Amino acid sequence: MGNKMKMEQQPASDATGESALGESRQVSRVALLGRDFRGVSFEMLCQQGDAVKAGDALMRDVRRPQIRFTAPVAGRVVKVERGARRRLLSLQIEVDTTRGSTSYTPPLTSDKASLRGFMLDSGAWTTLRTRPFGNIPDPDGEPAGIFVTAIDSDPQAPGPAPIIDIFSDEFRAGVDALAGISDAPLYVCHASGNAPEVSESAGLSCVPFAQGISSGLPGVHINALCPIGFAGGEVWHIGYQDVISLGHLMLGGRAWMERVITIGGDAVRRPRSLRVPPGAAISELLADELHDGAVRFLSGSVVRGLVASGGEAYLGSGHRQISALSETGSNASNKQQTSPGVMIPGDQLESLAPPGIYPVPMMRALQVGDVDRARDLGALELIEEDLALLSHACLSQCDYGQLLRNVLDQLEQVR
Amino acid sequence: MAVRDNIQSALSGYAGNSQGRIRRLLLWSLLPVSIAALTKVGYQYLLNLPLLPGLEADNLGSRIAAGLVLDLQHPGWFDMLAVGLAHMGPVLMVALLTGGVWERLIAEKRQKPFEPGFVLIALLFTLLLPGATPLSHVVLGMSFAILVGKGIFGGEGKTFLSPALLGIAFVQVSFPGASAQHPLWEGLAGYSGSEAIALYHRGGEAALAAADIDLWSAFIGSTPGAMGTTSVLAVMLGAALLLVTRIISWRLLLAQVLGVVVAATLFNLLGAEAGASDISASWHLLLGSFAFAAVYLACDPVASASTNPGRWIQGLIIGALVVLIRVVNPRHPDAVIPVLLLASILAPLIDHAVVAVNIRQRGRRGV
């Protein structure tokens, strides 16, 4: 595992300049996915067929109208796809770079209100997530801490260090902006030995984490530095590439129109890194990259990725990998079934569990849907990705991420 | 295949578990124990054959054995194996048959798939029995193991006691006086395991030496006792496989050994008014069925504590209680089976306490 990470990162750190990021890939269609923004009721600010510039507001949250979702690229809104109960699946944009982009004026003063206003207007606010629950934070909320995730432990993920090196100015500007939006401590969590350069300031600290099987998860960092208890507090977290994008906004008024991802999985002929637009259409990206045969796409790693099919076959917000797995006979048994089978409570579950969580009691509470017990055992510290390893390892074929989400939904209602 | 492969390579094998794989590995790990059991049974039988006339017709196993062995004066390893098979074979067959019939009935009555786990239970149960066990006892014990130990809880993985443990406890309690002139009963007080410890109670180290029991023979397993439990060497080979493949918890196993060592050393140092407080830790580890039961019964993940601190606590309790009962209660010379029953029943309570501490900490340090 550790070796694999090193192998993956070696060529990137040896290479110089832009090549560390891989070749740039353009696609004809990108999308914003509804599932990336949990708990949001979208209000459309655009019509199907509208031409939009990059950075134009496309949607906003009905309940918190300051939260705006902006176009990642310029083009034309071609389709708003909805699923069951009219839930937004994706808002799809046909790319047309000639339409230019909207520029936002970075705030002159770095006070809390103007920084937050700038992030909300430019759409950068929607890349922040809360823990518990994994929502977009309230515009006037106060976190107990903000976590920048500058470490990635998923297999074959792009190494954060070379990317941050190349965009060090932007990264620093983004971190500075984040330090300004709250009085809470700001933690930049990085792989040990790869500390990114950030400006010295009060409340800002770089925290190294040893490379491990889930050391790249914000849940792990939060548990170590500012754990979620029962007092009702929350922390915010954001991924390093979204910080770089925020830095672009702060320095130039325009968001970063690329993301560095890796493509991998056994159906991909040549796994490597690519630079692609945020929300890029996956089938288009991988059109010439696959082995023959039926393929299943995941947005994210093979371990924690989300199934990307139909109207959701786009790179998810904050995702840094696209995996393509060949569909053979035995793959038909997917992890969707939630009726509890037999769980063998062996001790290897313990090494796959999030820190501070006892896996077997937690898994039992989730299986029977005991909301109070799950909360006591630390469900508020977790979101789906934290339990992905347990879902893979448990013989019962339960999707503990989904079970956890059911519990979190109920907890959110009573909160 | 692909998803599994991808994930497996990502998780370095953690996700490769399946119930079938666990069962296969447990059976493989019982192979050295079974071979040791066959050899030991044959050795014991052939050793005593000249001393006990009329033994050839004592029970079914002996009648088969009498037909198999050609040269009783100079028996070789194969003769031992054959004689062992003659004794262990019928017991295992009856255990398998009983288990299979009940499984089949349960599967049909409850309209569930047939669970092959009874094979493992039957083998474990057989290895815990003396070589000359009456077959009626095997039927009763195995029925109890499958029905009460497994069936009424809903099958594999849903029990809270190891079924084989329940089966052997049942015959121990039901037939406390069971033993005969047959040499394969030698060294067993009823079914309760080790007369060797009882010997120690009566005469200390000297009594063991008089019965030809030394540390080496206890380690390789040529001492009298239940079929599979005497060879600590074979049990260690099996345990090594299970530890490497992470089927059993090393914490629980180590904690049990530590519990025995600590408790025995304390008794040695402090002494006690009554009982055999001067049995050394090495004798505790080697004699009786402790080693076998610690690996194959106590470490059953379904029947043990399910948190890491809980595993340490449970293991220490098992080790300490085994020593305590062996030392102060001469009527339970082996003590392992009742202690494991108690520890399995305690496991949820231990977990409850561990989790309560965790919840309190979360409330204290969290935001």
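Let us look at the structure shown here. (Residues numbered from 1 in each chain as written. Chains lettered and ligands numbered in written order. Predicted model: local features only at pLDDT ≥ 70, side-chain atom pairs only at ≥ 80, totals over all residues. Heavy atoms only, no water.)

Here the focus is the overall build of chain A. In terms of regular secondary structure, chain A is built from 12 helices and 18 strands. Taking 22 Å as the expected radius of gyration for a compact globule of 415 residues, we find that chain A reaches 20 Å, a close match to that expectation. The dimensions of chain A, computed from C-alpha atoms along their principal axes, are 55 × 50 × 50 Å. Here chain A holds 415 residues, and the buried ones make up 58% of them. A fraction of 66% describes how many contacts in chain A between residues 6 or more apart in sequence connect residues 24 or more apart. Looking at chain A as shown, the accessible area adds up to about 15,900 Å², and 48% of this sits on carbon and sulfur atoms. (Helix = DSSP H or I, 4+ residues; strand = E, 2+ residues; numbered from the N terminus. Rg over C-alpha atoms; globule rule 2.2 N^0.38 Å. Buried < 20%, exposed > 50% of the residue type's maximum accessible area, 1.4 Å probe, protein only. Contact = heavy atoms within 4.5 Å. Areas by Shrake-Rupley, 256 points an atom, 1.4 Å probe, with all protein chains shown as cover.)

A few words now on the pairing of strand β10 (residues 146–150) of chain A. All names here are of chain A. Counting buried positions along β10 gives 5 out of 5 residues, so the element sits mostly inside the fold. Neither face of β10 is exposed, since I146, V148 and A150 on one face and F147 and T149 on the opposite face are all buried. Pairing between β10 and strand β11 (residues 186–191): 5 bridges, direction parallel. If you follow F147 over to β11, its bridge partner there is Y187. Sheet topology note: the β10/strand β13 (residues 235–239) ladder contains 4 bridges and is parallel. By the bridge assignment, T149 is partnered in β13 with G239. (Pairing = 2+ DSSP bridges.)

Frequently, the measure chosen for interface size is the accessible area removed from exposure when the parts meet. If you look at the interface, chain B gives 39 residues, while chain A gives 52 residues. For the pair chain B and chain A, the summed buried area comes to about 3,700 Å², and 58% of that belongs to carbon and sulfur atoms. Counting the contacts that link chain B with chain A gives 3 salt bridges. Its salt-bridge partner being R311 of chain B, residue E350 of chain A comes within 3.4 Å of it at the nearest N-O pair. At the junction of chain B and chain A, the tally comes to 13 residue pairs in polar contact (both at pLDDT 80 or more). Elements supplying a minimum of two residues to the side of chain B that touches chain A: α1 (2–11), α2 (19–48), α11 (250–270), α14 (308–328) and α15 (336–365) of chain B. (Buried area = accessible area lost by both parts, 1.4 Å probe. Salt bridge = Lys/Arg side-chain N within 4 Å of Asp/Glu carboxyl O. Polar contact = N/O pair within 3.5 Å; in protein donor to acceptor, adjacent residues only side chain to side chain.)

Residue and element names in this part refer to chain A. Across the sheet, which stays open at both edges, the 5 strands sit in the order β9-β13-β10-β11-β12 with mixed pairing between neighbours. The open sheet terminates on both sides in strands that have one partner only, identified here as β9 (129–131) and β12 (204–209). Between one strand axis and the next, the sheet turns through 30° on average, direction left out of account. (Axes fitted to C-alpha atoms, helices over the stretch in contact; angles between N-to-C directions.)

Bringing helix α7 (residues 163–174) of chain B into the picture now. Residues and elements named next belong to chain B. With 12 residues, α7 extends 16 Å between its outermost C-alpha atoms, agreeing within 8% with the 16 Å of an ideal straight helix rising 1.5 Å per residue. The buried fraction of α7 amounts to 9 of the 12 residues, a majority that puts the element mostly inside the structure. Turning to α7, its buried residues number three or more, namely P163, A164, L165, L166, G167, I168, A169, V171 and Q172. Lining the buried residues of α7 we find α5 (118–127), α6 (135–147) and α15. (Expected span 1.5 Å × (residues − 1).)

Once that is clear, we can look at α5 of chain B. Summarising burial for α5 of chain B: 9 of the 10 residues are buried, a large majority. As for α5 of chain B, its buried residues are in contact with α2, α4 (77–110), α6, α7 and α13 (290–296) of chain B.

Our focus in this paragraph is the nonpolar core. Across soluble globular proteins, nonpolar side chains have a tendency to be buried as a group. Core analysis: the biggest nonpolar cluster contains 94 residues, and L30, L129, F292 and Y296 of chain B have the highest contact counts within it. Sort the elements by how many residues they give to this core and α2 of chain B lands first, with 9 residues. Those residues in contact with Y296 of chain B, other than ones at most four positions away along the chain, are L26, S29, L30, V33, L124, V235, G238, A239 and L242 of chain B. By size, the runner-up hydrophobic cluster in this structure holds 69 residues, among which are I136, L246, I263 and V268 of chain A. (Core = buried A, V, L, I, M, F, W, Y, C linked by side-chain atoms within 4.5 Å.)

We now examine the packing of α2 of chain B against α4 of chain B. The relative placement of two packed helices is expressed as an angle between their axes plus a distance between the axes. Residues and elements named next belong to chain B. For the pair α2 and α4, interaxial distance at closest approach is 7 Å and the crossing angle is 100°. Taken together, the axes of α2 and α4 are roughly perpendicular relative to one another. Packed against α2, whose contacting residues are I35, A37, L38, T39, V41, G42, Y43, Y45 and L46, the element α4 presents W77, D79, M80, L81, V83, G84, L85, H87 and M88 at the interface. (Parallel < 35°, antiparallel > 145°, perpendicular 65-115°, else oblique.)

In total, this model carries 13 aromatic pairs over all chains according to the counting rule given. Centroid distance F37 of chain A to F69 of chain A: 4.7 Å. Interplanar angle 65°. Geometry classified as edge-to-face. With F37 of chain A in the loop between β2 (29–33) and β3 (42–44) and F69 of chain A in strand β6 (residues 68–70), this pair connects stretches of sequence that are 32 residues apart. The burial state of F37 of chain A is the same as that of F69 of chain A; both residues are buried. A centroid spacing of 5.9 Å and a plane angle of 70° characterise the contact between W77 of chain B and F78 of chain B, whose relative ring orientation is edge-to-face. A connected cluster of aromatic rings, assembled from ring pairs, spans F37, F42 and F69 of chain A. (Phe/Tyr/Trp six-rings, centres within 6.5 Å; stacked < 30°, edge-to-face > 60°.)

All names here are of chain B. On the surface, W28, L31, I35, W77 and F78 cluster together into a nonpolar patch covering about 610 Å² of accessible area. Elements supplying a minimum of two residues to the nonpolar patch: α2 and α4. Sorting elements by how many residues they give to the nonpolar patch places α2 first, with 3 residues. For W28, the position within the fold is in helix α2. (Patch = residues over 30% accessible without salt bridge, like charges linked within 9 Å, V, L, I, M, F, W, Y side chains within 5 Å.)

The next point concerns the layout of surface pockets. Put simply, the second largest pocket is a space of about 500 Å³. Taken together, 28 residues form the lining of the second largest pocket, with R364 of chain A together with V302, S306, P348 and D351 of chain B sitting closest to its centre. Going through the elements one at a time, α9 (359–368) of chain A together with α15 of chain B are the ones with two or more residues in the lining of the second largest pocket. Counting residues per element, the lining of the second largest pocket draws most heavily on α15 of chain B, which supplies 6 residues. (1 Å grid on protein atoms, 1.4 Å probe; cavity = no way out; pocket = protein on both sides within 12 Å on 5 of 7 lines; lining within 4 Å. Points joined across faces, edges and corners; volume = space filled by probe spheres on them.)

Once that is clear, we can look at the pattern of salt bridges. As enumerated under the stated definition, the model contains 35 salt bridges over all chains in all. Note that D183 of chain A is salt-bridged to K112 of chain A, the shortest N-O span being 3.4 Å. Of the two residues, D183 of chain A is situated in the loop between α4 (168–180) and β11 and K112 of chain A in helix α2 (residues 112–122); the sequence distance between them amounts to 71 residues. Among the ionic contacts, a cluster of salt bridges with common partners joins R23, E103, E115, K150 and E156 of chain B.

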